[in-house]
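Fold and geometry: a report
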Amino acid sequence: MCFSCSQLSKLQEVSLRNCAVNGPGDKGGIAKACPNLRSIDLSKNLLSSWDEVVDIADQLKHLEVLNLSENKLKFPSSSPSPTGTFSALKVLVLNRIGITWTEVLRCASECPVLEKLYLESNSVVISERPTDVLQTVKLLDLSSNQLIDENQLFLIAYLPRLEQLILSDIGLSSIHFPDAGIGCKTSMFPSLQYLVLNDNRISQWSFFNELDKLQSLHTLSCARNPLTESSKDAQTTRQFIIARIGQLRTLNKCAIQREERRGAELDYRKAFGNEWKKAGGHQDPDKNRPNEEFLAAHPRYQSLCLKYGAPEDGELKVQQPFLLKNQLLTLKIKHPNQLDQKVIEKRLPESMTIQKVKGLLSRLLKVPVSELLLSYESPKVDHKQPFEKHRPRASLVAQWLRICLPMQGTRVRALVWEDPTCRGATGPMSHNC
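As a starting point, this report considers the structure included with it. What you are looking at is a predicted structure, and each value in this text was computed from that prediction instead of being measured.

Next up on the list: the packing of aromatic side chains. The geometry of an aromatic ring pair is captured by two quantities: the separation of the ring centres and the angle between the planes. Throughout the structure, instances matching the rule amount to twelve aromatic pairs. Relative to Y301, the ring of F294 lies with its centre 5.3 Å away and its plane at 80°, an arrangement referred to as edge-to-face. Its relative accessible area of 0% is what places Y301 among the buried residues.

Printed below as a string of structure tokens:
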């Protein structure tokens, strides 16, 4: 494809990735051909020094976006004199070029309006606090720099305009803001709204407690961490993160609706209610004094009690685990017209249908299914309560409720089957209600 000089002069964005670019070419050639370039991708080329980059950029007075990733650049050993070369540059991409933190600061000192800085996969160690540099940066990407720890992050914690911080895959496992106590906000990262922590080593809930101290944080991404991956219930993990970070509006790229936050906070309040009571929590505000250990583990719990009220004892009853033995009914089978016959006792699932019960009785008693009529016996009525013949697939519980509830609490003692031919083959079945 060929371009005329007039077409080239109108270009504002160009990509020369992997095009074997090794320098600026003829002096003034770029300025003459493409004077209006605002964005240029020079990644994965053969540029060898920062001086060559300066020579290129010096011809592009409107340059706002520059990508130098995957070039083996040699950087100056001292801070360069201000030249105004990068006076309009807002986005600088320096991924995978082996740059050090000191070199980053030297290069950034030439970019007075820089807003976005990408430093992925450079083995960066943040060795000093930026002063008079990076003060305009709104986005900083430090992903895959495995030597960064929480103490190094404190050195960039006071960048005044930093709104987005990307820390994926840096091996981060803990964070603590020592200037803020329980329920307080830290002075660090005052403008930080968007935080990415994917692919790290976060395994403790205390990490998310600390994030609640960030005064401006509203968007968090924390996928593929031990705490989030080890849980079998991803929804519960999401709820607990939402409940622990009060101002969060988006989690893992999914917006948090008002109803979801309310549900998450109520479930969290209930889940740790018994622990709260054991630690000294109480429904009476004058007696509500949970110990420091509980407050450190659940900093927002007290505020949730103020918001929704303290959990009632009825909410905190431990639910019986779902086990098959807990879902069985004890049923007794007998022949009312043959009192000398031994009562047969069976434990059957409460969801078992009347039709299947009849099949079981038919096998046990050697009586055809068509000749079985089932009914309950109750100590408070003088007649049997028959099952509905037209609902053979209704469960035992459904049929029992139909009979038992109108009796206003009568305990059903026996479920009877009767032989319509009056041959004495009758049988009750009962369960503990």
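In summary, soluble globular proteins display a tendency toward joint burial of nonpolar side chains. Counting residues in hydrophobic clusters, the biggest one holds 73 residues, and the most contacted among them are F189 and L220. Elements supplying a minimum of two residues to this core: α3 (50-57), α4 (101-108), α6 (206-211) and α8 (234-244). If we ignore the near neighbours within four places in the chain, the residues touching L220 are L195, L197, F208, L211, I241, I245, L248, T250, L251 and N252. One finds Y268, F272, F294 and A310 within the second-largest nonpolar core, a separate group that totals twelve residues.

The subject of this paragraph is the pattern of salt bridges. Under the defined criterion, the tally for this structure stands at 14 salt bridges. A salt bridge links R96 to E70; its shortest N-O distance comes to 3.8 Å. You can see R96 sitting in the loop between β4 (91-93) and α4 and its partner E70 sitting in the loop between β3 (65-67) and β4, a full 26 residues away along the chain. Here R96 falls in the partly exposed class, since its relative accessible area comes to 38%. The exposure class assigned to E70 is partly exposed, which follows from its relative accessible area of 26%. Across the pair D199 and R224 runs a salt bridge, and its minimum N-O distance is 2.7 Å. Note that D199 is positioned in the loop between β8 (194-196) and α6 and R224 in the loop between β9 (219-221) and α7 (226-230), a separation of 25 residues in sequence. Classification of R224 by relative accessible area gives partly exposed; the value is 44%. Each of R17, E70, R96 and E120 takes part in one network of salt bridges that share partners.

As a further point, take unusual backbone geometry. Residues other than glycine seldom take positive phi values, yet N18 does so here, at roughly 55°. Within the element layout of this structure, N18 appears in the loop between β1 (13-15) and α2 (29-33). Looking at N18, the relative accessible area reads 52%, which means it is exposed. Here the phi dihedral of F189 falls at roughly 45°; this positive angle occurs in a residue that is not glycine.

Topologically, H218 is positioned in the loop between α6 and β9. One polar contact links H218 to T219, side chain to side chain, over a distance of 2.8 Å. When neighbours within four sequence positions are excluded, H218 is seen to be in contact with Q193, Q247, L248, R249 and T250.

The strands that make up a sheet pair up through hydrogen bonds in the backbone, lying either parallel or antiparallel. The strand order across the open sheet formed by eleven strands is β1-β2-β3-β4-β5-β6-β7-β8-β9-β10-β11, and the pairing between neighbours is mixed. Of all strands in the sheet, those with a lone pairing partner are β1 and β11 (254-255), marking the two edges. Where β8 lies against β9, three bridges are found, and the strand directions are parallel. The residue bridging V196 from the neighbouring strand is S221, located in β9.

Turning our attention to the packing of helix α9 (residues 258-271) against helix α12 (residues 301-308). Packing of α9 against α12 leaves a shortest axis separation of 10 Å and a crossing angle of 115°. In the packing of α9 onto α12, the handedness of the crossing is left-handed. On the side of α9, the interface is formed by R261, R262, E265, L266, Y268 and R269, while α12 contributes Y301, L304, K307 and Y308. Considered class by class, the residues forming the contact of α9 with α12 number five nonpolar, no polar and five charged.

About the cut-offs
- Residues numbered from 1 in each chain as written.
- Predicted model: local features only at pLDDT ≥ 70, side-chain atom pairs only at ≥ 80, totals over all residues.
- Heavy atoms only, no water.
- Phe/Tyr/Trp six-rings, centres within 6.5 Å; stacked < 30°, edge-to-face > 60°.
- Buried < 20%, exposed > 50% of the residue type's maximum accessible area, 1.4 Å probe, protein only.
- Core = buried A, V, L, I, M, F, W, Y, C linked by side-chain atoms within 4.5 Å.
- Helix = DSSP H or I, 4+ residues; strand = E, 2+ residues; numbered from the N terminus.
- Contact = heavy atoms within 4.5 Å.
- Salt bridge = Lys/Arg side-chain N within 4 Å of Asp/Glu carboxyl O.
- Polar contact = N/O pair within 3.5 Å; in protein donor to acceptor, adjacent residues only side chain to side chain.
- Pairing = 2+ DSSP bridges.
- Axes fitted to C-alpha atoms, helices over the stretch in contact; angles between N-to-C directions.
- Left-handed = near helix turned anticlockwise from the far one by under 90°.
- Nonpolar A, V, L, I, M, F, W, Y, C, P; charged D, E, K, R; others polar.

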